[in-house]
Amino acid sequence: NSGFTIPEELEAALEHVRTHYSEVIRIGDLGKLVGLSVSAFERKFKKHFRMSPTEYIRRVRMHEACRRLIHRSEPISTIAQECGFSDQSHFTREFARVMRTTPAVYRRDHGFA
């Protein structure tokens, strides 16, 4: 344990993102979930996690996409959709920006051919 504790009031928002990453997630809805305005929620989130709620959502989606690319044989377009990306080209652009490679190359290099 690193000693890093998640503020209890943000836990519900994190859990919501982890369970609903495939859906559209509005920052305002996350704020409401924890009883904060959008600006207060974003400030508190950024203070504790050193990233915006939007970046956290992106990371959760990207992590799940990487996991699926390695462990599942379904088409990349299906993975993109199921991980909350609007379409495959958006997913591929975002994936390349974050992972510095394409989903197809990542899959080939880490598991499925």
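Each value, and the rule that gives it
- Residues numbered from 1 in each chain as written.
- Predicted model: local features only at pLDDT ≥ 70, side-chain atom pairs only at ≥ 80, totals over all residues.
- Heavy atoms only, no water.
- Helix = DSSP H or I, 4+ residues; strand = E, 2+ residues; numbered from the N terminus.
- Buried < 20%, exposed > 50% of the residue type's maximum accessible area, 1.4 Å probe, protein only.
- Polar contact = N/O pair within 3.5 Å; in protein donor to acceptor, adjacent residues only side chain to side chain.
- Axes fitted to C-alpha atoms, helices over the stretch in contact; angles between N-to-C directions.
- Parallel < 35°, antiparallel > 145°, perpendicular 65-115°, else oblique.
- Contact = heavy atoms within 4.5 Å.
- Nonpolar A, V, L, I, M, F, W, Y, C, P; charged D, E, K, R; others polar.

1. A look at the environment of Arg 100
Now for step 1: Tracing the chain through its elements places Arg 100 in the loop between α6 (88-99) and α7 (103-110).
Now for step 2: Given a relative accessible area of 70%, Arg 100 falls into the exposed group.
Now for step 3: A distance of 2.6 Å separates a polar side-chain atom of Arg 100 from the backbone oxygen of Arg 97.

2. Here's the deal with unusual backbone geometry
Now for step 1: Although it is not a glycine, Arg 50 sits at a positive phi angle of roughly 55 degrees.
Now for step 2: Its identity is not glycine, yet Arg 100 carries a phi of approximately 60 degrees, on the positive side.

3. Some points on the packing of helix α4 (residues 53-71) against α6
Now for step 1: Direction vectors running N to C along α4 and α6 enclose 95 degrees, while the axes themselves pass 11 Å from each other. The orientation of α4 with respect to α6, classified from their angle, is roughly perpendicular. Contact residues: α4 offers Glu 55, Arg 58, Met 62, Ala 65, Cys 66 and Leu 69, while α6 offers Phe 91, Glu 94, Phe 95, Arg 97, Val 98 and Met 99.
Now for step 2: Of the residues assigned to the contact of α4 with α6, the class counts are 8 nonpolar, no polar and 4 charged.

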